[in-house]
Amino acid sequence: MTSSRLINHLTEEQATEADSIVLLESVRARTSIAPISALGTFAPTILFIPFLLLQGVPLLMVAAWVVPAFFTTLARTLYSQRVIKDLDSRPLDGLVRADRWLRISSVTNQTLIGMGIWLIQSPTSEPLVLPLFVTLIIVTFSLGVMVNLFSDFRTYAISAPMLLGQPIIFWMLQEGFGWAIGTALLAATALSYALVRRGSEIFRESVLMRFETDRLLEQVESQKVIAEDALDEARAANESKAFFMAAASHDIKQPLYALGMLTDTLMMSELPTHANSILQKQRRSIDRMTHLFDDLMDLSRFERGVFELSFREVPSRELAQILDDEFEPLCREKGIDWQLKIEPVMLSTDPDLLMRLLRNLLHNALRYTDQGAIGCHAEVTDGLLKITISDTGRGIEQHDQERIFKEFIRLENPNDGNTGAGLGLAIVKYIADALDLDLQLNSQPGVGTSFHFAIPVVTATSDDSRNQT
């Protein structure tokens, strides 16, 4: 990803921050390498000064070239050491000043080095020997400049002509092979421009990528804090809900029981016909309220995992009798067939939870079946009592078959006046998981629905199967 693409998706404030970070890292790179650059300048100086003097170059001429370059390099190094000490704490205007001073020192230093081609002249009959030597020194120095300014193409673009441009002009003015040397230097200068330009782009991209990574990490950390706060709030809400449900189990359910008992007492009294009808409606409303409250309490217990399984051996015929007594009248009242066929065996299970699951499934089947039949069938296969709750109701669309087991999801049923709360199948799923029943659903819209699960058998009995249709 290029630096322009990295910047484009940032806000104006973020882009400004990114530019300041690029400037900071550029100043850091130039000041950090300043001592090495100084060493690279002073070491060759010690080597080439004796050679120049041996070639007969006057000491004053050598000093006129070397001394200014020496002091500008030393000043740049000392200033860089001062800048780098407090670089990270410098404000933006301080960085801009440091960048400007480093640029000025680079241009000045390279201008002085490049002037050597004019100052150092051969006093012998070979006038181009020393210029060739000085040109070699300048080219070598330019390599160090490229390394020093790889993070700052702007400075290199200004200073390189001051360093390499002077020998290019010198050699272009010479006769013979001077033009060839000047052309070679010009080509080398163009190549160095391309290299430093690309190096500066890579440097900028790497800094921006690091900035983007840091920014994303900050966002992740911020989102983590938000998520942890939300989790704490959710935990607090769950604790509040648990406290409320614990209080409600006594403060609400007891009055409901009392209200039901009072209603039943009134219904046994001699009352006008219209009053008795009102009491019957009140009794049904109380039953629905009690059922809904029980569902909410059970759902709360299952969600918090604060229920205990109580396994014991129970005969299947006992469960069958309870279901028959409860659902045969309900089916008869609605005008649909009630089918019950459970093979008599002994089961090891939590009978209260199992009956809650069976009731919820059968009530759900009764609610969504207007004609035909609902039934509960169970037979032993491979040591398991495989139970099927089926109906010939409206069925469940494929896209609804996952969501119906979630809390407060209730499919539309225009023929059902009981709005409900959509908790029955959610509780069924919790119970099935708790009892490890491997609950399965099969449904076809317009044909019907069936739920399947299996319970391990303890022992079989000699009782006859119940079969009521």
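Colleague: When you look at the packing of aromatic side chains in this model, what are you seeing that I'm missing?
Modeller: The way to describe two aromatic rings as a pair is by their centre distance and the angle between their planes. What the rule picks out here adds up to 11 aromatic pairs. Centroid distance Phe51 to Phe133: 4.6 Å. Interplanar angle 45 degrees. Geometry classified as tilted. Taken together, the positions of Phe51 in helix H2 (residues 12-54) and Phe133 in helix H6 (residues 129-148) put the pair 82 residues apart, joining distant regions of the chain. Given a relative accessible area of 31%, Phe51 falls into the partly exposed group. Of the residues examined, Phe133 reaches a relative accessible area of 22% and is grouped as partly exposed.

Colleague: In this structure, what is going on with the confidence of the model for the chain? I would like to understand it.
Modeller: Confidence along the chain averages 82 in pLDDT terms, with 84% of residues attaining 70 or more. Between residues 460-469, whose pLDDT stays under 50, and residues either more than four places distant or in other chains, the model counts 25 contacts.

Colleague: Is there a simple way to explain the layout of surface pockets in this structure?
Modeller: Here the second largest pocket defines a volume of roughly 560 Å³. Around the second largest pocket sit 33 residues that line it, and Ser37, Gly40, Thr41, Asn109 and Phe141 are the ones nearest its centre. Top element by residues in the lining of the second largest pocket is H2. It accounts for 11 residues. Classifying every residue of the lining of the second largest pocket by side-chain character gives 19 nonpolar, 13 polar and one charged.

Colleague: So what exactly am I meant to see when it comes to the packing of helix H4 (residues 92-114) against H6 here?
Modeller: For any two helices packed against each other, one specifies the inter-axial angle together with the distance between the axes. Closest axis-to-axis distance for the H4/H6 pair is 10 Å, and the angle between their directions is 165 degrees. The orientation of H4 relative to H6 falls into the category roughly antiparallel. With respect to the hand of their crossing, H4 and H6 are arranged in left-handed fashion. Facing Asn109, Gln110, Ile113 and Gly114 of H4, the residues of H6 in contact are Ile138, Phe141 and Val145. Along the lines of polarity and charge, the residues of the contact of H4 with H6 split into four nonpolar, three polar and no charged.

Colleague: Explain a nonpolar patch on the surface to me, please; I cannot follow it from the model alone.
Modeller: Together, Val67, Phe70, Phe71, Leu74 and Leu78 line one region of the surface with nonpolar side chains, adding up to about 440 Å² of accessible area. Topologically, Leu74 is positioned in helix H3 (residues 59-85).

Colleague: Hey, could you run me through the pattern of salt bridges in this one?
Modeller: Side-chain pairs of opposite charge can arise whenever the charged atoms involved come near each other. Under the criterion given, the structure shown has 17 salt bridges. Residue Arg197 is joined to Glu201 by a salt bridge in which the shortest nitrogen-to-oxygen separation is 3.9 Å. Residue Arg197 and its partner Glu201 are located together in helix H8 (residues 178-251), separated by four residues, close to a single helical turn. Looking at Arg197, the relative accessible area reads 45%, which means it is partly exposed.

Colleague: Whenever I open this one, the pairing of strand S5 (residues 384-391) confuses me. Can you help?
Modeller: A regular strand carries its side chains on alternate faces of the sheet. Alternating residues of S5 divide into Leu385, Ile387, Ile389 and Asp391, all buried, and Leu384, Lys386, Thr388 and Ser390, none buried. Taken together, the eight bridges between strand S4 (residues 373-381) and S5 define a ladder with antiparallel strand orientation. When the bridges of S5 are listed, Thr381 appears paired with Leu384. If you look at the hairpin formed by S4 and S5, you'll find two residues sitting between the two strands, and Asp382 has a positive phi there, around 55 degrees.

Colleague: Would you take a moment to explain empty space enclosed by the protein for this structure?
Modeller: Where empty space is left can be seen by rolling a probe of water-molecule size over the atoms. Here the structure, examined in full by the defined rule, presents one cavity of 30 Å³ or more. Contributing to the lining of the largest cavity are Ser316, Leu319, Ile342, Leu347, Leu354, Leu358, Cys376, Ala378, Leu385 and Ile387. Class assignment for the residues of the lining of the largest cavity results in nine nonpolar, one polar and no charged.

Colleague: Honestly, H6 in this entry has me stumped. Any pointers?
Modeller: Here H6 spans 29 Å end to end across 20 residues, near enough to the 28 Å set by a 1.5 Å rise per residue. Considered for burial, the residues of H6 that qualify are Leu130, Pro131, Val134, Thr135, Ile137, Ile138, Phe141, Ser142, Val145, Met146 and Asn148.

The rules behind each value
- Residues numbered from 1 in each chain as written.
- Predicted model: local features only at pLDDT ≥ 70, side-chain atom pairs only at ≥ 80, totals over all residues.
- Heavy atoms only, no water.
- Phe/Tyr/Trp six-rings, centres within 6.5 Å; stacked < 30°, edge-to-face > 60°.
- Helix = DSSP H or I, 4+ residues; strand = E, 2+ residues; numbered from the N terminus.
- Buried < 20%, exposed > 50% of the residue type's maximum accessible area, 1.4 Å probe, protein only.
- pLDDT = per-residue confidence, 0-100.
- Contact = heavy atoms within 4.5 Å.
- 1 Å grid on protein atoms, 1.4 Å probe; cavity = no way out; pocket = protein on both sides within 12 Å on 5 of 7 lines; lining within 4 Å.
- Points joined across faces, edges and corners; volume = space filled by probe spheres on them.
- Nonpolar A, V, L, I, M, F, W, Y, C, P; charged D, E, K, R; others polar.
- Axes fitted to C-alpha atoms, helices over the stretch in contact; angles between N-to-C directions.
- Parallel < 35°, antiparallel > 145°, perpendicular 65-115°, else oblique.
- Left-handed = near helix turned anticlockwise from the far one by under 90°.
- Patch = residues over 30% accessible without salt bridge, like charges linked within 9 Å, V, L, I, M, F, W, Y side chains within 5 Å.
- Areas by Shrake-Rupley, 256 points an atom, 1.4 Å probe, with all protein chains shown as cover.
- Salt bridge = Lys/Arg side-chain N within 4 Å of Asp/Glu carboxyl O.
- Pairing = 2+ DSSP bridges.
- Expected span 1.5 Å × (residues − 1).

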